[in-house]
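Summary of structural features
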Amino acid sequence: MRLDVAKLGSGERPPLGLALGGGVARGWAHIGALQALIEADIRPDIIAGTSIGSVVGAAYLAGKLDSLEKWARSLDRRKVLHYTDLSWGGSGLVKGARLRKVLEHYLKGVQIEDFDRKFAAVTCDLRTGYEVWLQQGPVIPAVQASYALPGAFEPVNVDGRHMIDGALVNPVPVSACRAMGAHMVIAVSLSGDAFGPIGTSHEVAFEAEDIEVDEDLPEIAIMAQQSLNKIRPDRVLLKSLLGGAKPGKSPRIGSVMMGSLNIVMDRIGRSRLAGDPPDVLVAPRIGHIGMLEFTRADELIERGYRAMQHEVPLIRSVMDILGDIPGGRAPDEDE
């Protein structure tokens with residue numbers, strides 16, 4: 001469904017959509033991107049989020065973006081491990097109950113219909129493989145379904161359908177924004193430079209000491225490895241799940257899962273964006289940060305902020321061009 005601009009009233013701006021892509025821990029960059037839009041007084045009318053993008057998008061619309069930022073910045077290795085509540089015999093390695101408690105702390109009782117703007121959490125029906133946009137009902141199960149990565153989290157039952165991570169079908173949901181009425185779409189991709197840059201990625205200069213890179217293991221795995229002072233099945237599984245691979249050795253489960261998801265999001269994302277490109281693509285340079293490195297919120301938020309800030313002049317230009325159409329917003333006399 002496309003917007004009929006002829007039906008817009010005089011002086012009205014065509015609806016602006018924001019597509020927030022999936023990317024696990026890299027999703028903290030969305031917080032910075034939204035902060036840059038807020039600072040620039042650019043207000044999206046429609047938000048569609050995939051996986052972690054749905055979490056950040058929902059927090060923003062619920063007025064909890066600052067709370068989410070504070071929580072993300074507070075994460076250290078020990079806290080991340082605490083939220084990794086392993087499951088035995090279930091359909092996912094992580095129960096997700098502790099993460100749900102965090103969501104409930106900020107979003108308990110909130111319905112999607114309560115938002116003052118349109119919102120969709122992109123997910124996938126496990127049985128049919130169909131892409132599903134959750135646009136009504138409780139927010140918490142909707143975002144849980146959107147980030148339910150197969151193998152890591154159990155599928156989420158929504159109205160009798162088992163839903164899994166939307167990144168498998170639509171990593172950057174531009175199409176969802178268009179379908180909900182957006183005439184202009186800003187997309188934030190978290191995998192723009194995973195296998196080579198796409199779009200208008202913006203580099204940010206950081207001092208060497210600000211970036212901690214361990215060539216052998218993802219940062220999140222270091223604490224897990226240190227905790228293996230006793231031979232316990234749960235700790236062995238945790239090491240396999242979160243551990244990386246040393247040069248010349250086979251990768252562990254976590255590395256294989258995240259590497260596979262990275263490939264899926266990159267290939268499907270490029271195809272979907274080519275078929276339905278956004279008007280402005282923002283792709284922060286965050287490919288060097290692992291998808292499980294939740295403790296790197298400071299850098300990710302900063303990179304997301306800088307990348308969006310860099311594109312604000314282009315966004316304003318496109319808004320003016322698309323606003324100067326029959327039924328759209330005419331440029332100000334001073335412009």
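Residues numbered from 1 in each chain as written. Predicted model: local features only at pLDDT ≥ 70, side-chain atom pairs only at ≥ 80, totals over all residues. Heavy atoms only, no water.

1. Considerations on the overall build of the protein
Helices and strands together make up the secondary structure of the protein, namely eleven helices and ten strands. Per-residue burial over the protein gives 53% buried out of 335 residues. Long-range pairs, those at least 24 residues apart, make up 75% of the contacts in the protein with a sequence separation of at least 6. For the protein, the accessible surface area stands at approximately 15300 Å², while carbon and sulfur atoms represent 51% of it. (Helix = DSSP H or I, 4+ residues; strand = E, 2+ residues; numbered from the N terminus. Buried < 20%, exposed > 50% of the residue type's maximum accessible area, 1.4 Å probe, protein only. Contact = heavy atoms within 4.5 Å. Areas by Shrake-Rupley, 256 points an atom, 1.4 Å probe, with all protein chains shown as cover.)

2. Some words on the environment of V318
Relative to the assigned elements, V318 resides in helix α11 (residues 297-323). As for V318 and V185, which are separated by 133 residues in sequence, their C-alpha atoms are 9.9 Å apart. The contacts of V318, once residues within four sequence positions are left out, are M184, D279 and V280.

3. Overview of the packing of helix α1 (residues 28-39) against helix α2 (residues 52-61)
Here α1 crosses α2 at 40°, and the two axes come no closer than 9 Å. Here α1 runs over α2; the crossing is right-handed. Every residue of α2 that contacts α1 at W28, H30, I31, L34 and I38 is listed here: I52, G53, V56 and Y60. Taken together, the residues of the contact of α1 with α2 sort by class into seven nonpolar, two polar and no charged. (Axes fitted to C-alpha atoms, helices over the stretch in contact; angles between N-to-C directions. Left-handed = near helix turned anticlockwise from the far one by under 90°. Nonpolar A, V, L, I, M, F, W, Y, C, P; charged D, E, K, R; others polar.)

4. Looking at unusual backbone geometry
For D41, which is not glycine, the phi dihedral falls at a positive 60°. With respect to the helices and strands, the residue D41 is situated in the loop between α1 and β2 (46-50). For D159, which is not glycine, the phi dihedral falls at a positive 55°. Summarising the element assignment, D159 is placed in the loop between β7 (156-158) and β8 (161-165).

5. Side note on the confidence of the model for the protein
Averaged over all residues, the pLDDT of the protein is 80; the fraction at 70 or higher stands at 73%. Low confidence marks residues 1-10, where pLDDT is under 50. Its contacts with residues over four positions away, or in another chain, come to 21 contacts. A low-confidence stretch, residues 204-217 (pLDDT under 50), is modelled with 22 contacts involving residues beyond four sequence positions or located in other chains. (pLDDT = per-residue confidence, 0-100.)

6. Brief notes about the side chain of R117
In this structure, R117 sits in the loop between α5 (97-107) and β4 (118-125). A distance of 3.1 Å separates a polar side-chain atom of R117 from the backbone oxygen of P44. (Polar contact = N/O pair within 3.5 Å; in protein donor to acceptor, adjacent residues only side chain to side chain.)

7. Here's the deal with the pattern of salt bridges
All chains considered together, the criterion is met by 13 salt bridges. The shortest N-O distance in the salt bridge between E131 and R272 comes to 3.1 Å. Here the residue E131 occupies a position in strand β5 (residues 131-134), and R272 occupies one in helix α10 (residues 253-275), the gap between them amounting to 141 residues. Look at E131 and you get partly exposed, because its relative accessible area is 27%. One salt bridge in this structure joins D276 and R178, with 3.5 Å as the shortest N-O distance. Taken together, the residues span a long stretch of sequence, with D276 in the loop between α10 and β10 (280-282) and R178 in helix α7 (residues 174-179) at a distance of 98 residues. (Salt bridge = Lys/Arg side-chain N within 4 Å of Asp/Glu carboxyl O.)

8. Some remarks on the pairing of β4
Within β4, seven of the eight residues are buried, leaving the element largely enclosed by the surrounding structure. Note: β2 against β4, five bridges, orientation parallel. Bridge pairing in β4 links A48 to A120. Between β4 and the antiparallel strand that follows it, β5, lie five residues; G129 among them carries a positive phi value of about 80°. (Pairing = 2+ DSSP bridges.)

9. What to know about the environment of R178
For R178, a relative accessible area of 9% translates into the label buried. The spacing of R178 and I46 is 132 residues in sequence and 9.1 Å in space, taken between C-alpha atoms.

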